[in-house]
Amino acid sequence: MAELDKTYRPQEAEARQYQRWEDSGRFACDPESSAQPYTIMMPPPNVTGSLHMGHALTFTIQDVLVRWHRMQGRDVLWQPGSDHAGIATQMVVERQLAEQGVNRRDLGREKFVDKVWEWKAHSGGAINRQLRRLGASPDWKRERFTMDEGLSHAVRLVFVRLHREGLIYRDKRLVNWDPKLLTAISDLEVQQTEVQGHLWHFRYPIEGQEGRHIVVATTRPETMLGDTAVAVHPEDERYADLIGKQVVLPIVGRRIPIVADDYADPETGSGAVKITPAHDFNDFEVGRRHGLEMINILDAQARLNDEVPEAYRGLDRYEARKKVVAEIEAAGLLERIDDHLHMVPHGDRSGVAVEPWLTDQWYVDAKTLAQPCIEAVEQGRTVFVPRQWENVFFEWMRNIQPWCISRQLWWGHQVPAWYGPDGEIFVEMTEEEAQAAAERHYGKAVELRRDEDVLDTWFSSGLWPFSTLGWPSEEAAAQRDLARYYPGDVLVTGFDIIFFWVARMMMMGLHFMGEVPFRAVYIHALVRDQYGQKMSKSKGNIIDPLELIDEYGADALRFTLSSLAVPGRDVKLAPERVAGYRNFATKLWNAARFCQLNGVGYVTGYDPSVNRLTVNRWIVTKLAGLEREVAASVAAYRLNDAASQLYQFTWNAFCDWYIELAKPVLNGADEAAAAEVRATAGFVMNRLLRVLHPFMPFVTEELWPAFAPSDQRLLMTARLGTPDELPASPEAMREIDWLIEAITQVRSLRAEMSVPPAAELDLLVRDAAPETERRLTELGEPLRRLARLKEVRPVPDAFPKDAVQFVVEEATYGLPLGSVIDVGAERKRLEKEIGKLDKELAKVDGKLGNEQFLSKAPEAVIAENRERRDELVATRDRLRLAMARLEGM
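Nothing here was measured: the structure is a model prediction, and the numbers come from that model.

Peer 1: Help me out: how do you make sense of helix α6 (residues 126–134) in this one?
Peer 2: Count 3.6 residues to each turn of an α-helix, and residues three or four apart come out pointing the same way. Looking at α6, one finds that the buried residues are Ala126, Ile127, Asn128, Gln130, Leu131 and Leu134. In this structure, the buried residues of α6 make contact with α2 (53–71), α5 (109–123), α17 (545–552), α18 (554–564) and α23 (697–703). Just past α6, the residue Gly135 takes up positive phi, approximately 100°.

Peer 1: Which parts of the structure should I look at to understand the side chain of Ser467?
Peer 2: By secondary structure assignment, the location of Ser467 is in helix α14 (residues 464–467). Ignoring anything within four residues of it in the chain, the contact list for Ser467 reads Arg144, Leu151 and Ala154.

Peer 1: For this particular structure, what's the right way to read a negative patch on the surface?
Peer 2: On the surface, a cluster of negative charge is made up of Glu293, Asp306, Glu307 and Glu310. Here Glu307 shows up in the loop between α8 (281–290) and α9 (317–330). Taking the relative accessible area as the measure of exposure, Glu307 reaches 48% and is therefore partly exposed.

Peer 1: Is there a simple way to explain the pattern of salt bridges in this structure?
Peer 2: Once their charged atoms are close, side chains differing in charge can pair, the charge on each being opposite to the other. Taken as a whole and judged by the stated rule, the model has 65 salt bridges. Among the salt bridges present, the one from Glu660 reaches Lys663, with a minimum N-O distance of 2.9 Å. Note that Glu660 and Lys663 are positioned in helix α21 (residues 639–666) at a spacing of three residues, about one turn of the helix. With relative accessibility at 29%, the residue Lys663 sits in the partly exposed group. Within this structure, Glu735, Glu771, Arg774, Arg775, Glu778 and Glu809 form a network of salt bridges that share partners.

Peer 1: What exactly am I supposed to notice about the packing of aromatic side chains here?
Peer 2: Aromatic ring pairs are described here by two measures, namely the spacing of the ring centres and the angle between the planes. Per the counting criterion, the structure on display carries 30 aromatic pairs. Of the aromatic side chains, those joined through ring pairs into one cluster are Phe559, Tyr581, Phe584, Tyr647, Trp651 and Phe695. Lying across the ring of Tyr312, Lys323 places its NZ or CZ 5.4 Å from the centre. Seen from the ring of Trp403, Arg504 lies directly overhead, with NZ or CZ sitting 4.1 Å from the centre.

Peer 1: I keep staring at the packing of α21 against helix α22 (residues 671–692) and nothing clicks. Help me out?
Peer 2: In helix packing, the relevant descriptors are the interaxial angle and the interaxial distance, both defined with respect to the helix axes. Direction vectors running N to C along α21 and α22 enclose 165°, while the axes themselves pass 11 Å from each other. For the element pair α21 / α22, the angle class is roughly antiparallel. Relative to α22, α21 is oriented so that their crossing is left-handed. Within the contact between the two elements, α21 uses Leu646, Phe649, Thr650, Phe654, Tyr658, Ala662, Val665 and Leu666 and α22 uses Ala673, Ala674, Val677, Arg678, Thr680, Ala681, Val684, Met685, Leu688, Val691 and Leu692. Looking at the contact of α21 with α22 residue by residue, the class counts come to 16 nonpolar, two polar and one charged.

Peer 1: It is not clear to me how the nonpolar core should be interpreted in this structure. Could you clarify?
Peer 2: One recurring pattern in soluble globular proteins: nonpolar side chains tend to sit buried together. Within the largest apolar cluster, 155 residues are counted, with the highest numbers of intra-cluster contacts made by Met53, Trp618, Phe654, Phe695 and Leu815. If one sorts the elements of this core by residue count, α21 sits on top with 14 residues. When neighbours within four sequence positions are excluded, Phe695 is seen to be in contact with Val64, Asp555, Arg558, Phe559, Ser562, Val630, Val634, Leu639, Ala642, Ala643 and Leu646.

Peer 1: Sorry, what's going on with the pairing of strand β26 (residues 761–766) here?
Peer 2: Walk down a regular strand and you will see the side chains alternate between the two sheet faces. The buried fraction of β26 amounts to five of the six residues, a majority that puts the element mostly inside the structure. Pairing of β26 with strand β27 (residues 789–794) involves five bridges; the strand directions are parallel. From the neighbouring strand, Val765 faces β27, where its bridge partner is Pro794. Relative to strand β29 (residues 811–816), β26 is paired through three bridges, and the arrangement is antiparallel. Bridge pairing links Val765 to Tyr813 in β29.

Peer 1: Mind showing me how you'd approach the pairing of strand β23 (residues 518–524) here?
Peer 2: Buried residues dominate β23, accounting for six of its seven residues. Here strand β15 (residues 383–385) pairs with β23 via three bridges, running parallel. Bridged to Val383 within β23 is Ala520. The sheet contact formed by strand β22 (residues 488–494) and β23 spans six bridges and is parallel. Within the sheet, the bridge partner assigned to Gly494 lies in β23 and is His524. After leaving β22, the chain enters helix α16 (residues 498–513) and then returns to the sheet as β23, a path that is right-handed.

Peer 1: What is the right way to look at the sheet that holds strand β8 (residues 213–218) in this model?
Peer 2: If you trace the three strands from one edge of the open sheet to the other, you get β8-β7-β13, paired in antiparallel fashion. Looking along the sheet, the strands with just one partner apiece sit at the ends: β8 and β13 (334–347). Each adjacent strand pair in this sheet contributes to an overall mean axis angle of 20°, direction not counted. Pairing geometry for strand β7 (residues 190–205) and β8, over six bridges, is antiparallel. Of the residues in β8, the one forming a bridge with Trp200 is Thr218. Set on the sheet, α9 makes contact with β7 and β13; between it and β7 the angle comes to about 25°.

Calculation rules
- Residues numbered from 1 in each chain as written.
- Predicted model: local features only at pLDDT ≥ 70, side-chain atom pairs only at ≥ 80, totals over all residues.
- Heavy atoms only, no water.
- Buried < 20%, exposed > 50% of the residue type's maximum accessible area, 1.4 Å probe, protein only.
- Helix = DSSP H or I, 4+ residues; strand = E, 2+ residues; numbered from the N terminus.
- Contact = heavy atoms within 4.5 Å.
- Patch = residues over 30% accessible without salt bridge, like charges linked within 9 Å, V, L, I, M, F, W, Y side chains within 5 Å.
- Areas by Shrake-Rupley, 256 points an atom, 1.4 Å probe, with all protein chains shown as cover.
- Salt bridge = Lys/Arg side-chain N within 4 Å of Asp/Glu carboxyl O.
- Lys, Arg positive; Asp, Glu negative; His and termini not counted.
- Charge placed at Lys NZ, Arg CZ, Asp CG, Glu CD.
- Phe/Tyr/Trp six-rings, centres within 6.5 Å; stacked < 30°, edge-to-face > 60°.
- Lys NZ or Arg CZ within 6 Å of the ring centre and 35° of its normal.
- Axes fitted to C-alpha atoms, helices over the stretch in contact; angles between N-to-C directions.
- Parallel < 35°, antiparallel > 145°, perpendicular 65-115°, else oblique.
- Left-handed = near helix turned anticlockwise from the far one by under 90°.
- Nonpolar A, V, L, I, M, F, W, Y, C, P; charged D, E, K, R; others polar.
- Core = buried A, V, L, I, M, F, W, Y, C linked by side-chain atoms within 4.5 Å.
- Pairing = 2+ DSSP bridges.
- Right-handed = clockwise from strand over helix to strand, strands pointing away.

Put into structure tokens, the structure is as follows:
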């Protein structure tokens, strides 16, 4: 093994090591293996996507899990792929064509779709290259795309079967309609935007009761042209006599009923609500309950259509709004206008306000498909981590609405439905089968028109856990893979798509495979900035993971994200944290280099059970504890705990203590003792690199040849150690832990009391038991060296007045400081520091005690102030303790 460079350069090592891994073919699963399988389905990123911090978190977690289980000897399948991302991809290609002065409608559907495939071939898949930079190790040779032929066949088959079972149907319902993109969009593609608008209060005349009105309020005055009722609460006494009567709809002149419905809230506004079933989701439900007419007043571009008075036809919705308000005011029916800050749904890609729009679409009977999913989670066949997300899942699934699966796009899986001359629908796998079905229906050949819509992207990705394994193919390989790798062990994903993706995969998996698609769902939180704010372009706080990898290396980013991945808590990411874990990688490198320079390496036949040096027995016992702790943490999806355990062992136990305690032995005359230290250090480095590898794969792989047998070329293919095979030495743990505690106490007091670093102190001991006296003799050299002590001696009576005291086990220790510090000056320094802390604490307490601050400040800012308060109190208490020590001197 060549000598390690003085400095670790991740930019040079990462690409080289990744190429070695990929060339080895060891990312691949082995369906013929006798090993127990372990499956994770990669949430397929959009083919248009670039690696963002959310990707970095979810793929880091997944890669840690797959590398860990691969090193446990499992047959791991991490199934990669990408999603065709209908609307996102279509927009990218449309923008490119627009730059050339071409409109997709000029091209026609077939040529436009060809253009999208061309774009995918040349520009799609950038995210896969970026995932390699993160160190992701999926089975790339099995990569799938939601529009490839096998998956497209599965999509068509599922649609046809569900339609024949009555679980897919066509219906006229409200959808989120994007009037710029001219398509229905999912709730996930709707962004709630705060808008400073108005609340208009209109008076609707009661028919037959001259001078009497009922007041309704709206943020969208133009929709009143489609009103078909006014609702009041059935127990609202103010309107009891009006229920069943009618109002005259201003401008239109239509008579519409006053209906009693619990949706109306007597405590809000006038207690009366205008009902526009074709343009509001709540009103739609009220309309269905009361059999109200549903009048759609908008066209696809959100212009007013022929259902409104002639003067309004063709007007943009916002022009119509102004005209409605002006006409209502002119008629004397405008009660008042209030300023109103409210949330308005916008298309996340188009940026325009979406409209609830009544239109014919394809729907899935989600309520029926949801029942087996609810039962599966109730029975524990699928478990959510953390468990509280099960309540969210139940809430959504028990109140589920029909799932709109059609989109008015050209890129995607075209709905396999054809229409006859009279509108009869034929749902079949192919056009030939549709023609045959139509001929049987009509008794003759007829011309059919194919449905132009495509399916919601979530429909095809809902089949991901089994379609990627070959379903519905009857071929032996597909049947083998389905039997072996379905269901998956865990799905790792963000909470924002529990409903959109997790639920749909469970519906499809249970319906078509008869089993849940995964046994566990690990829900990770959002990655936010260091202040807890959501990252966004408008805030300018987006952190690019690729920039962090460029600056600090992939291992530093991976370890940072792992350490912050506390189940159920959002990740607050600061670049400084990544820099800190870059330093951790450097610490590991420097320790490895120290070992190598001192002749440490892999020793064949080394047996830790014959170690005679206490420090060696101690580090091996600590190593076994580390391996057990990390294994338990990974099994419980507590990667933050695993990262903390690895950090503490590496930085503290191994680098700060073991190496420092072992240095005199390596440099001493006892060659047998030095050989034992070299063998032990090499053994510990070998095992430590293994257990660290899933978290920091690049630097550990780079170091591996220095501490591995010559025939183990790749660390990623090595097996994790078995901690139960290591000897435990409780006696060595007690000895070294006592030594560490004594040194730490002295170091802490030196720092607290501002003792000059070069000053060597006396350590006085009182009330020491025989065991402690023995330790002070046997471990006196490292105690004096590492605590910078001149002498350690017992005293029979009281300590000198200038001694600060501490206790370890039964003994009391004193450090005389009168000759090395100016007590008066130190007291003044501490008083000044405590005074500054008190002032800052008062400011923070003032904020946290201010109701206005608590009501207006973002949660993240409040949390930051609370954390700061805790830090200030802890620092002040520590300084007060130091002050109290000085008082006795």
